[in-house]
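Breakdown of the fold
What follows is each chain in one-letter form.
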Amino acid sequence: MEVIERKIKISPGDPVAILGVADQYLHLVEQKFDASIVARGDTVTVRGAPEEVAQVERVFKELNFILAKTGKLSSRDVATILDLIETGSHDVTVRDDLDSVILFAHHDAIRAKTPTQKDYYQAVKRNDIVFAIGPAGTGKTYLAVAMAVSALKNREVNKIVLARPAVEAGESLGFLPGDLAQKVDPYLRPLYDALQEMLTVEKTKTFVERGTIEVVPLAYMRGRTINSAFVILDEAQNATSMQMKMFLTRLGAGSKAIITGDQTQIDLPSRQQSGLIQIQQVLKDVQGIQFVYFNKGDVVRHKLVRDIIEAYEKFHELPGHMSEQERATETSPLSAREGFGG
C-alpha cells in the first residue's frame, strides 16, 4: 500500500484555535482517519494512504477558512466539517453551512437549517421588514431573536424590542395583581427563554435593566417611535388590523422589524379580523418588505410535532370543516372603516 507524507500549515498566530484546547479538535480528526497526524507549532504532518492524507488536508483547509472568517471554532464546527467530508460533499458545502450561521451563542452556533430558514435569514439581511408565517416549531421566533441578538452584538442596532399581543388578558390587565412585568410575564416568557439561551440569564437581565433589550406587550408600543432597533412582533396572528398598523408605523430610522405568526392559531374574538391575514394583501406589492412562508417540512422541534401538524391539516380538510383563516375572513370582512381606513 502506498504511503505518503504531507505537511499542512495551520493558523500561525494561535495554533490552539485550530487544534483545540488540549488538542481536542485534533483528536476529533484523528478518530475519523487511519492516517498518522502529528502537530508541531503551526505545522501538522500527516502520513498515510493518499486518499486519507488528502481528506485530512481538506479538513484543515476548511478549519483555517472558518477561523479566518469568524475568528473562532467550536467542536460543532469541526464535527460538521468531518461529517460533510465523510459523506463526500464539496468544499462549498462546508462554506455554505458556515454562511447559514446566524449567531455564535455562548454555548453553540445557531444556524438556519432548512431551505426556508435560510431564505428567511437572507430575507432579513435584504429587507427592513420581514413577515415569517407558518406552523409552530419551524423556528420563526427563535431565529428572529437570534438575528436580533446578532445585530445587537455587531452594533448594527442599539437595542432590541420584543413585543407580543396579550390576547387572553384583553382589557383586564389592569385588574390583575402585580406590576406590569408580572401581569404580562406569561405572554412574554417564550421570548425571555430564547434570549437567556443565547445570552445567558445574567446577561439578559443586565440588558433588560439597562433598556438595551425591551420585552413589552404590543398595546404598550402605541405612540412611540423606535429608532436604531431590531423590533420583533411575535404571535402576530393575535394582533388586530389596527394593532398591526400601529406596530408597523412605530419603526424609526435605522430599525428593522420581523413579524412572526401562525394564521391557523388565531385567538381573537370572531368579530375581529387578524391583522396578519389582512396585511398580506395590504403590503404584498411594497418594496423592502418580504413575506416568508414556512410549512410542516420546516419543523425542527420533536419529530411528533410535524405529525401533529399534518394530522390537524387532514382534519381541517374534512368536508364541512372551516379553517381558522376562513372563519376569520368570513366573520370579519374587510371594510372601508376597518384596519387602514383611519
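Further up the page is the structure itself.
What comes next concerns the included structure. Bear in mind the structure is a predicted one, so any value in this text is a computation, not a measurement.

Thoughts on the pattern of salt bridges
Inspection of every chain in the model, using the stated rule, returns 9 salt bridges. Linking Arg6 and Glu57 is a salt bridge whose minimum nitrogen-to-oxygen distance equals 2.9 Å. Of the two residues, Arg6 sits in strand S1 (residues 4-9) while Glu57 sits in helix H3 (residues 50-70), which places them 51 residues apart along the sequence. With a relative accessible area of 31%, Arg6 lands in the partly exposed category. Where Asp42 meets Lys9, a salt bridge forms, and the shortest distance between an N and an O atom there is 3.7 Å.

Digging into a nonpolar patch on the surface
Together, Leu304, Ile308, Tyr312, Phe315 and Leu318 give the surface a local cluster of nonpolar side chains, amounting to about 500 Å² of exposed area. Mapped onto the secondary structure, Leu304 falls in helix H12 (residues 303-316).

Topic: the side chain of Gln280
As for its position among the elements, Gln280 is in helix H11 (residues 275-282). Since its relative accessible area comes to 13%, Gln280 is described here as buried.

Section: the sheet that holds strand S8 (residues 213-217)
Sheet architecture is open: 6 strands sit in the order S8-S7-S9-S10-S6-S11, paired in parallel fashion. Unpaired on one side and paired on the other, S8 and strand S11 (289-293) mark the two borders of the sheet. Direction aside, the axes of adjacent strands within the sheet are offset by 15 degrees on average. In the sheet, strand S6 (residues 129-133) pairs with strand S10 (residues 256-261) via 5 bridges, with the strands oriented parallel. In the sheet register, Ile133 faces S10, and the bridge partner there is Gly261. Across the sheet, helix H7 (residues 140-153) is in contact with S6, strand S7 (159-164), S8, strand S9 (229-233) and S10; its angle to S9 comes to roughly 170 degrees.

Overview of H11
With 6 of 8 residues buried, H11 lies mostly within the body of the structure. Buried residues of H11: Gly275, Leu276, Ile277, Gln278, Ile279 and Gln280, and no others. If you check the start of H11, you find a side-chain oxygen 3.2 Å away from the backbone N of Leu276, and it comes from Ser274.

Quick notes on the pairing of S7
Across the 6 residues that make up S7, a large majority, 6, are buried. With burial as the criterion, each face of S7 is covered, one bearing Lys159, Val161 and Ala163 and the other bearing Ile160, Leu162 and Arg164. Both S7 and S9 contribute to a ladder of 5 bridges, which runs parallel. Opposite Val161, over in S9, you have Val231 as the bridge partner. Sheet topology places S7 next to S8; 5 bridges connect them, and they run parallel. Note on S8: the bridge partner recorded for Ala163 is Val216.

Rules behind the numbers
Residues numbered from 1 in each chain as written. Predicted model: local features only at pLDDT ≥ 70, side-chain atom pairs only at ≥ 80, totals over all residues. Heavy atoms only, no water. Salt bridge = Lys/Arg side-chain N within 4 Å of Asp/Glu carboxyl O. Helix = DSSP H or I, 4+ residues; strand = E, 2+ residues; numbered from the N terminus. Buried < 20%, exposed > 50% of the residue type's maximum accessible area, 1.4 Å probe, protein only. Patch = residues over 30% accessible without salt bridge, like charges linked within 9 Å, V, L, I, M, F, W, Y side chains within 5 Å. Areas by Shrake-Rupley, 256 points an atom, 1.4 Å probe, with all protein chains shown as cover. Pairing = 2+ DSSP bridges. Axes fitted to C-alpha atoms, helices over the stretch in contact; angles between N-to-C directions. Contact = heavy atoms within 4.5 Å. Polar contact = N/O pair within 3.5 Å; in protein donor to acceptor, adjacent residues only side chain to side chain.

Without other data, these values stay purely geometric and don't point to any function.
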